Amino acid sequence: MLLIQFKDENAGRLVGLLQDDVIRVIDGYSTTYALAREAIAKKVGIAELVNANVGSATHSYATVAAAGRVLPPLDHSDEAHCYVTGTGLTHLGSAGARDAMHKKIGGDAESLSDSMKMFRLGVEGGKPANGTAGAQPEWFYKGDGSIVRASGQPLGMPDFALDGGEEPEIAGLYVIGDDGQPYRVGYAIGNEFSDHVTERQNYLYLAHSKLRACSIGPALLVGELPEHIDGASRVLDTDGKVRWEKAFVSGETNMSHTIANLEHHHFKYPLFKRAGDVHVHFFGTATLSFADGVSVAPGETFEIEASAFGPALSNRLEVYPTEFAKVSTL
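Residues numbered from 1 in each chain as written. Predicted model: local features only at pLDDT ≥ 70, side-chain atom pairs only at ≥ 80, totals over all residues. Heavy atoms only, no water.

Chemist: Kindly report on the overall build of the protein, identifying the contributing residues and their values.
Modeler: From N to C terminus, the protein includes eight helices and 17 strands. Over its C-alpha atoms the protein spans a radius of gyration of 20 Å, differing by no more than 12% from the 20 Å that the globule rule assigns to 330 residues. Taken along the three principal axes of its C-alpha coordinates, the protein extends 60 × 55 × 50 Å. Burial statistics for the protein: of 330 residues in total, 51% are counted as buried. When contacts within the protein are restricted to residue pairs at least 6 apart in sequence, long-range pairs at least 24 apart make up 73% of them. (Helix = DSSP H or I, 4+ residues; strand = E, 2+ residues; numbered from the N terminus. Rg over C-alpha atoms; globule rule 2.2 N^0.38 Å. Buried < 20%, exposed > 50% of the residue type's maximum accessible area, 1.4 Å probe, protein only. Contact = heavy atoms within 4.5 Å.)

Chemist: Lay out the pairing of strand 3 (residues 22-26) in plain terms, naming residues and giving numbers.
Modeler: Where strand 2 (residues 13-19) meets strand 3, four bridges bridge the pair, whose relative direction is antiparallel. Bridging from a neighbouring strand, leucine 17 pairs with arginine 24 of strand 3. Hairpin remark: strand 2 followed by strand 3, antiparallel, with two residues in the connecting loop; positive phi at aspartate 20, about 60 degrees. Inspection of the sheet shows strand 3 paired to strand 4 (residues 54-60) by four bridges, in the antiparallel sense. Within the sheet, the bridge partner assigned to isoleucine 26 lies in strand 4 and is valine 54. (Pairing = 2+ DSSP bridges.)

Chemist: Give a detailed account of helix 5 (residues 114-125), specifying residues and quantitative values.
Modeler: Taking 1.5 Å of rise per residue, 12 residues should cover 16 Å, and helix 5 covers 16 Å from first to last C-alpha, within 8% of that figure. Considered for burial, the residues of helix 5 that qualify are Met116, Phe119, Arg120 and Gly122. End-on, the buried residues of helix 5 take up no more than an arc of 160 degrees, which puts them together on one face. (Expected span 1.5 Å × (residues − 1). Arc of directions from axis to C-beta.)

Chemist: Could you give an account of helix 1 (residues 32-42), naming the residues involved and the relevant values?
Modeler: Looking only at helix 1, the buried set comprises Thr32, Tyr33, Leu35, Ala36, Ala39 and Ile40. Projection of helix 1 onto a plane perpendicular to its axis shows the buried side chains occupying an angular sector of 160 degrees, all on one side. Note on helix 1: the residue one or two positions beyond its end, lysine 43, has a positive phi of about 55 degrees.

Chemist: A description of the sheet that holds strand 14 (residues 242-250) should follow, citing residues and the corresponding values.
Modeler: The sheet built from five strands is open, its strands ordered 8-17-16-13-14 with mixed pairing. The open sheet terminates on both sides in strands that have one partner only, identified here as strand 8 (155-158) and strand 14. Across this sheet, the average inter-strand angle for adjacent strands is 20 degrees, counted without regard to direction. As paired strands, strand 8 and strand 17 (residues 313-320) are joined by four bridges and run parallel to one another. Note on strand 17: the bridge partner recorded for methionine 157 is valine 319. (Axes fitted to C-alpha atoms, helices over the stretch in contact; angles between N-to-C directions.)

Chemist: Give me the lowdown on the packing of aromatic side chains, citing residues and values where you can.
Modeler: This model, assessed by the stated rule, comprises six aromatic pairs. On the numbers, 5.0 Å between centres and 70 degrees between planes, the contact of tyrosine 174 with phenylalanine 267 is edge-to-face. With tyrosine 174 in strand 9 (residues 168-176) and phenylalanine 267 in helix 8 (residues 259-267), this residue pair connects regions lying 93 residues apart in the sequence. One exposure class covers both tyrosine 174 and phenylalanine 267, and it is buried. Here the aromatic cluster, defined as three or more aromatic residues joined through ring pairs, consists of Tyr83, Trp139, Tyr269 and Phe272. Against the face of phenylalanine 140 rests lysine 210, its NZ or CZ located 4.5 Å from the ring centre. (Phe/Tyr/Trp six-rings, centres within 6.5 Å; stacked < 30°, edge-to-face > 60°. Lys NZ or Arg CZ within 6 Å of the ring centre and 35° of its normal.)

Chemist: An account of the packing of helix 1 against helix 2 (residues 46-53) is needed here, citing residue identities and associated values.
Modeler: Running from N to C, helix 1 and helix 2 point in directions that differ by 110 degrees, and their axes come no closer than 9 Å. Judged on the interaxial angle alone, helix 2 and helix 1 are roughly perpendicular. Between helix 1 and helix 2 lies a crossing whose hand is right-handed. On the side of helix 1, the interface is formed by Leu35, Ala36, Glu38, Ala39 and Lys42, while helix 2 contributes Ile46, Leu49 and Val50. Residues of the contact of helix 1 with helix 2, tallied by class, amount to six nonpolar, no polar and two charged. (Parallel < 35°, antiparallel > 145°, perpendicular 65-115°, else oblique. Left-handed = near helix turned anticlockwise from the far one by under 90°. Nonpolar A, V, L, I, M, F, W, Y, C, P; charged D, E, K, R; others polar.)

Chemist: An account of the pattern of salt bridges is requested, with residue identities and associated values reported.
Modeler: All told, the structure shown has 17 salt bridges when counted by the stated rule. The partner of glutamate 263 in a salt bridge is arginine 184, with the nearest N and O atoms 2.8 Å apart. Within this pair, whereas glutamate 263 is found in helix 8, its partner arginine 184 is found in strand 10 (residues 182-191), the two being separated by 79 residues in sequence. Taking relative accessible area as the criterion, glutamate 263 reaches 13% and is therefore assigned buried. (Salt bridge = Lys/Arg side-chain N within 4 Å of Asp/Glu carboxyl O.)

Chemist: Describe in detail unusual backbone geometry, supporting the description with residues and values.
Modeler: Put simply, glycine 217 and proline 218 share a cis peptide bond, and its omega is 5 degrees. Its location among the elements puts proline 218 in the loop between strand 11 (214-216) and strand 12 (220-221). The backbone phi angle of leucine 89 is positive, close to 60 degrees, even though this residue is not glycine. Its place among the elements puts leucine 89 in the loop between strand 5 (82-88) and helix 4 (95-105).

Chemist: So what's going on with the environment of glycine 45? Which residues, and what values?
Modeler: The residue glycine 45 is located in the loop between helix 1 and helix 2 in this model. On the basis of relative accessibility, which here comes to 38%, the residue glycine 45 falls in the partly exposed class.

Chemist: If you had to explain the side chain of arginine 234 to someone new, which residues and values would you point to?
Modeler: On the secondary structure map, arginine 234 appears in strand 13 (residues 229-236). Looking at arginine 234, its side chain comes within polar contact range of the side chain of glutamate 245, at 2.8 Å. One polar contact links arginine 234 to glutamate 303, side chain to side chain, over a distance of 2.7 Å. Leave out the neighbours within four places in its chain, and arginine 234 touches Val242, Trp244, Glu245, Thr301, Phe302, Glu303 and Glu305. (Polar contact = N/O pair within 3.5 Å; in protein donor to acceptor, adjacent residues only side chain to side chain.)

Take a look at the structure:
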């Protein structure tokens, strides 16, 4: 089941069930958030609630997307109540990359870089037995709901950035119930988008490199994530021609951590269990155009797709001028 949030011709918000190009409007709900809150309150699965309220009104996804009316598949009316976070060093990559990585981490632990030590911890302890906690992953904060972009919207990087590169990832989308517990609404394909040149200068700059925009959607996948996900990541030039393209894989088969372990280490903090909040949590990747020496230019477009998530996620890269704050003493 795929859900989508969008605006109608009069800018009214709607949430619908996406089936190929047809969006079937869900009656009585204008947001995925409201749908999730109702499912939590009634103690039913979101799919059950959707099936019980799908109406007769329909829209064409192609028309909605062409008009720029697609919204992120989950958001909060108060952007400050949406956390955007993620984990890194969680993916094993292709078979060849896995073999090379295992050789890198197979020697004396003290000879490894901090990143390789962290990756090794995940390989050795990221998939614990059910009900137990495994190794902690690398974790980072990206921002609040104000940084989240929908498919079709530009991804802006500040003019002081040294790079703006895609990171094709799957994100978990959550709502915190009134009982203080997290409820996973579903998953979405995402572009976590980072400044890789800044990060490469020194890994302690990771926090700076992640404070950028991101995009998710267009659709939200309800239910459990398939164990194996095949996808493709592309960079299109200003004429819309493919300049770089590479397959990527995700899902637990291709990860060193279980989704449950990543969720455990995020939601173990009381700060992240505040009733009513929304969380967008990226699960990591092993495929980057930056790793192939590609520098994406403003005006070029990122395109990320995986068949399990329906339509592709597409965002053009833009640069915005920095507005430095002047601090005043009170």
